[in-house]
Amino acid sequence: MSSQYLTLYKMIVLYMLKRCEVNLSKSQIYDFLLEKEYTTFLTLQEVFSELASSSLINEKTMANRTYLELTPDGEETLKFFGNRINPSIRQQIDEYLKANSMKLRDESSIQGDYQKTSENEYTAHLIAKENGQSLVEIKLTVPTEEIAQGICDKWQENNQDIYQYLVKKLMM
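Residues numbered from 1 in each chain as written. Predicted model: local features only at pLDDT ≥ 70, side-chain atom pairs only at ≥ 80, totals over all residues. Heavy atoms only, no water.

Notes on the overall build of the protein
Basically, it comes down to this: The helix count covers DSSP runs of H or I at least four residues long, the strand count covers runs of E at least two residues long, and both are numbered beginning at the N terminus. Classification of residues uses two cut-offs on accessible area relative to the type maximum, computed with a 1.4 Å probe and protein chains only: under 20% is buried, over 50% is exposed, and between them is partly exposed. Residue contacts follow a heavy-atom distance rule, with two residues in contact if any of their heavy atoms lie within 4.5 Å. What sets the accessible areas is the Shrake-Rupley method with a 1.4 Å probe; for residues, cover comes only from the shown protein chains. Lys and Arg are tallied as positive, Asp and Glu as negative. Neither His nor the chain termini are counted. A charged residue contributes its charge at one atom only: NZ of Lys, CZ of Arg, CG of Asp or CD of Glu.
Helices and strands together make up the secondary structure of the protein, namely seven helices and six strands. Of the regular secondary structure in the protein, the N- to C-terminal order runs α-β-α-α-β-β-α-α-α-β-β-β-α. Judged by the C-alpha coordinates and their principal axes, the protein covers about 55 × 35 × 30 Å. Within the protein, the fraction of its 172 residues that count as buried is 36%. Residue pairs at least 24 apart in sequence account for 53% of intrachain contacts in the protein once pairs closer than 6 positions are excluded. When the accessible area of the protein is evaluated, it comes to approximately 10700 Å², of which 47% is carbon and sulfur surface. With 19 positive and 25 negative side-chain charges, the protein shows a spacing of 5 Å between the two charge centroids.

So this is what it looks like as structure tokens:
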């Protein structure tokens, strides 16, 4: 793979992160770049790895998703090299982000993860955000990994109902 193309793909990723209002996951970026057939999955893995190792992005894994965050060094790099992105590609990115803004926001705003905290204990950590601010954070300690995973899955499906229930009960 030519370093010229790798640089372009890196700039596309940095541009997407800069233009989006929420942190994007790797899979959301994969969706765009692979749908447009710009590159391959393996090349994108190399791009993400190089961006992270050069501290242009930070990666944060929650449950089965890895979210990416643009670092100040990444922003600076985009300022210098962002002009390498063809205007038509920029337009496609902007259109994709606009057309999918609600979906991208929803996927990034509702997070559920769990971790083992002791021999027979797991803690599920559930978060709902709006405009980058936490609406609710819940930590539940449970006896098995299966229960913790189930709680995280149900949070993804039922977070609005759970939030409304909590607010209603706490306001009574």
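Once you've had a look at it, read on.
Brief notes about the sheet that holds strand β1 (residues 24–25)
Quick note on the threshold: We call two strands paired when DSSP finds no fewer than two bridges between them.
Strand order in the open sheet formed by three strands is β1-β3-β2, with antiparallel pairing between adjacent strands. The two strands at the open ends of the sheet, each matched to only one other strand, are β1 and β2 (57–62). Relative to strand β3 (residues 65–70), β2 is paired through six bridges, and the arrangement is antiparallel. By the bridge assignment for β3, M62 is matched with R65.

Here we look at the confidence of the model for the protein
We apply this condition: Every residue gets a pLDDT, meaning the predictor's confidence in that residue, from 0 to 100.
The share of residues in the protein with pLDDT of 70 or more is 93%, and the mean pLDDT across the chain is 86. The weakest mean pLDDT in the protein belongs to helix α6 (residues 101–109) at 69; the strongest belongs to helix α3 (residues 41–53) at 92.

Examining the pattern of salt bridges
Short version of the rule: Throughout this description, the term salt bridge denotes a Lys or Arg side-chain nitrogen within 4 Å of a carboxyl oxygen of Asp or Glu.
Summed over the entire model, instances satisfying the criterion amount to five salt bridges. Notably, a salt bridge pairs E50 with K10, separated by 2.5 Å at the nearest N-O pair. Taken as a pair, E50 in helix α3 and K10 in helix α1 (residues 3–19) lie far apart in primary sequence, 40 residues in all.

Focus: the sheet that holds strand β4 (residues 110–118)
Selection rule: Here an angle of 0 to 180 degrees is reported between the N-to-C directions of two axes, which are lines fitted to C-alpha atoms, with helices fitted over the stretch in contact.
Taken in spatial order, the three strands line up as β4-β5-β6 in an open sheet, and their pairing is antiparallel. Among the strands making up the open sheet, the edge pair consists of β4 and β6 (133–142). Recorded for the sheet is a direction-independent mean angle of 15° between the axes of neighbouring strands. As judged from the nine bridges shared by strand β5 (residues 121–130) and β6, these two strands associate in the antiparallel manner. Looking at the pairing, L126 lines up with I138 of β6. Helix α7 (residues 145–171) contacts β4, β5 and β6 of the sheet and is inclined by roughly 140° relative to β4.

Thoughts on the environment of L8
With respect to the secondary-structure elements, L8 resides in helix α1. For L8, a relative accessible area of 18% corresponds to the buried category. Along the sequence, L8 and N83 sit 75 residues apart, while their C-alpha atoms lie 9.7 Å from each other.

Digging into the packing of aromatic side chains
Where two aromatic rings form a pair, the distance of their centres and the angle of their planes describe that pair. Quick note on the threshold: Two rings from Phe, Tyr or Trp (for Trp, the six-membered ring) form a pair when their centres sit within 6.5 Å of each other. Planes less than 30 degrees apart are called stacked, planes more than 60 degrees apart edge-to-face, and all others tilted.
Scanning the entire structure with this criterion turns up six aromatic pairs. Ring centres of Y114 and Y122 lie 6.3 Å apart, and the angle between their planes is 65°; this geometry places the pair in the edge-to-face category. A residue is classified by how much of its surface remains accessible, and Y122, at 12% relative accessible area, is buried. In this structure an aromatic cluster arises from ring pairing among Y30, F41 and F48.

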